[in-house]
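# Reading the structure
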Amino acid sequence: GPGAHEEAFDAAIAADERIEPRDWMPDAYRATLVRQIAQHAHSEIIGMQPEANWITRAPSLRRKAILMAKVQDEAGHGLYLYSAAETLGASRDELLDKLHSGRQKYSSIFNYPTLTWADVGAIGWLVDGAAITNQVPLCRCSYGPYARAMVRVCKEESFHQRQGYELLLALSRGTEAQHAMAQDAVDRWWWPSLMMFGPPDDASKHSAQSMAWKIKRHSNDELRQRFVDICVPQAESLGLTLPDPELRWNEERGHYDFGPIDWSEFHEVLRGNGPCNEQRLDRRRRAHEEGAWVREAAAAYARKHGEQDGD
Ligand code: FAQ
């Protein structure tokens, strides 16, 4: 009966074993994973837009080639993640429909504009840096397909992060105007990057259950602190400052203290009122419509081959 199933599931979680697609799992565990993996997948494909905005204006052929490869990687990450969601019974059509109709979220960070070339560097350094900090523990997530997808995604993200760091370093060591451009980008992306980790622990409604199920391995605030601690020395080596006057080493805690986050801004962005929410969703819907012929052709091709194989 279901009692025995539930016991086997609980025992697998307790023993740090992986739950696989055909294993029994509680409905709420499945629903939580679909929610998180779908949001993650949507973030990857919506996240292509801010940087793609600069592909035509990259300052050299080398920078253009690097940026195109990075944006393509993000499409690939979206595909691994939609596939992981499919193993839970959520079809890609259904998830995309929920994204396009605003019934599912994507990360708040991708609702900010990329105003200058330095933003490409700041996204790589800070946004990909935050993404790695959040995703490395997800490689040990209790759900097998999600955990395995994260291993590859993290390898690619760490290359993305280095790419952003190197770009910002080049600007920081460049002319006065280039240095100022790099500093301005860091000033604008720092606080939104801290918001990527989600609401503070006492306002994180899913954390307790997700940690009990070993989907999440650390709390939102723990990972945010880890990210701050990593960034401070990196900012110093970049020759750039982080826009927080309260940032200082706390000997007792063994961590950097940082100033308060403006959670009202976070909630406004989640409600759809960030600077680019409308544009991001409009472009996504349009890209989906414009790709209809590709999906139709692929389906027709698959049908034809199916018939031939059946002969
Ligand atoms: N934005 O109870 P919690 C990338 C929502 S990296 C929007 O704490 P949870 C790489 C949350 O969904 C970005 N919504 O939730 C890249 C929930 O709403 P719901 C993607 C947020 O799930 C780089 C509510 O607030 N990474 O794309 C945000 O336990 C460069 C309550 O929050 C992932 O998705 C937010 N920042 O913890 C691509 C990582 N934060 O569903 C291109 C996987 C929270 O009840 C270029 N996800 N919310 O309506 C996770 O680790 C978790 O889902 C958290 C949130 C930590 C994000």
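Residues numbered from 1 in each chain as written. Predicted model: local features only at pLDDT ≥ 70, side-chain atom pairs only at ≥ 80, totals over all residues. Heavy atoms only, no water.

Regarding its fold elements, the protein presents 13 helices and two strands. A globule of 311 residues ought to have a C-alpha radius of gyration of about 19 Å, and the protein, at 21 Å, matches this closely. Seen through its principal axes, the protein has C-alpha atoms that stretch 70 × 50 × 35 Å. When the 311 residues of the protein are sorted by exposure, 48% land in the buried category. Expressed as a percentage of contacts within the protein between residues at least 6 apart in sequence, the contacts between residues at least 24 apart total 77%. Per element, the accessible surface of the protein, about 15600 Å² overall, is 54% carbon and sulfur. (Helix = DSSP H or I, 4+ residues; strand = E, 2+ residues; numbered from the N terminus. Rg over C-alpha atoms; globule rule 2.2 N^0.38 Å. Buried < 20%, exposed > 50% of the residue type's maximum accessible area, 1.4 Å probe, protein only. Contact = heavy atoms within 4.5 Å. Areas by Shrake-Rupley, 256 points an atom, 1.4 Å probe, with all protein chains shown as cover.)

Turning next to the packing of helix 7 (residues 144-172) against helix 10 (residues 220-238). At a closest axis distance of 9 Å, the pairing of helix 7 and helix 10 adopts a crossing angle of 35°. Contacts from Gln161, Tyr165, Leu168, Leu169 and Ser172 of helix 7 reach helix 10 at Gln234, Ser237 and Leu238. Per-class residue counts for the contact of helix 7 with helix 10 are four nonpolar, four polar and no charged. (Axes fitted to C-alpha atoms, helices over the stretch in contact; angles between N-to-C directions. Nonpolar A, V, L, I, M, F, W, Y, C, P; charged D, E, K, R; others polar.)

Attention now goes to the site of the ligand. In the vicinity of the ligand lie 34 residues, with Gln39, Lys105, Ser204, His206 and Lys216 positioned nearest. Here an oxygen atom of the ligand and a side-chain polar atom of Gln39 are 2.8 Å apart. One of the side-chain N or O atoms of Lys216 is found 2.7 Å from an oxygen atom in the ligand. In the complex, the protein chains occlude 92% of the 1100 Å² of accessible area that the ligand would expose alone. Elements represented by at least two residues in the shell around the ligand include exactly helix 2 (27-46), helix 4 (61-86), helix 6 (118-135), helix 7 and helix 11 (263-273). Class assignment of the residues belonging to the shell around the ligand gives a composition of 12 nonpolar, 12 polar and 10 charged. (Near = heavy atom within 4 Å. Polar contact = N/O pair within 3.5 Å; in protein donor to acceptor, adjacent residues only side chain to side chain.)

The next thing to look at is the pattern of salt bridges. All chains considered together, the criterion is met by 16 salt bridges. Residue Arg188 is joined to Asp119 by a salt bridge in which the shortest nitrogen-to-oxygen separation is 2.7 Å. One end of the pair, Arg188, is in helix 8 (residues 176-195); the other, Asp119, is in helix 6, and 69 residues separate them in sequence. Judged by its relative accessible area of 26%, Arg188 is partly exposed. For Glu268, the salt bridge identified is with Arg271, shortest N-O distance 2.8 Å. Residue Glu268 and its partner Arg271 are located together in helix 11, separated by three residues, close to a single helical turn. For Glu268, a relative accessible area of 32% translates into the label partly exposed. Here the residues in one salt-bridge network are Glu51, Lys70, Glu74 and Asp128, joined through shared partners. (Salt bridge = Lys/Arg side-chain N within 4 Å of Asp/Glu carboxyl O.)

Before going further, it helps to examine the side chain of Thr116. In this structure, Thr116 sits in the loop between helix 5 (92-100) and helix 6. The class of Thr116 is buried, set by a relative accessible area of 18%. Ignoring anything within four residues of it in the chain, the contact list for Thr116 reads Trp54, Met181 and Arg188.

What follows covers the packing of helix 4 against helix 5. Put simply, helix 4 and helix 5 touch, their axes get as near as 9 Å, and they point 115° apart. Judged on the interaxial angle alone, helix 5 and helix 4 are roughly perpendicular. Contact with helix 4, carried on its side by Leu79, Tyr82, Ser83, Ala85 and Glu86, involves Arg92, Leu95, Leu96 and Leu99 of helix 5 and no other residues of that element. (Parallel < 35°, antiparallel > 145°, perpendicular 65-115°, else oblique.)

With that settled, the discussion passes to unusual backbone geometry. Here Asp16, not a glycine, exhibits a phi torsion of approximately 60°, which is positive. Here Asp16 is to be found in the loop between helix 1 (2-14) and helix 2. Of note in the backbone geometry, Lys214 takes a positive phi value of approximately 60° without being a glycine.

Its place among the elements puts Ser172 in helix 7. When neighbours within four sequence positions are excluded, Ser172 is seen to be in contact with His179, Ala182, Leu238, Gly239 and Leu240.

With that settled, the discussion passes to the confidence of the model for the protein. Across the protein, the average pLDDT comes to 96, with 98% of residues at or above 70. Across the predicted assembly, pTM comes out at 0.96 and ipTM at 0.98. (pLDDT = per-residue confidence, 0-100.)

The geometry of two aromatic rings is summed up by the distance between their centres and the angle between their planes. Per the stated rule, a full pass over the model turns up nine aromatic pairs. With a centroid separation of 5.9 Å and 20° between ring planes, the pair formed by Trp190 and Phe227 is classed as stacked. Of the two residues, Trp190 is situated in helix 8 and Phe227 in helix 10; the sequence distance between them amounts to 37 residues. Put simply, the rings of Phe9, Trp24, Tyr29 and Trp213 touch in pairs and so form one group of aromatic residues. Positioned above the aromatic ring of Trp54, the side-chain terminus of Arg57 is 3.9 Å from the ring centre. (Phe/Tyr/Trp six-rings, centres within 6.5 Å; stacked < 30°, edge-to-face > 60°. Lys NZ or Arg CZ within 6 Å of the ring centre and 35° of its normal.)

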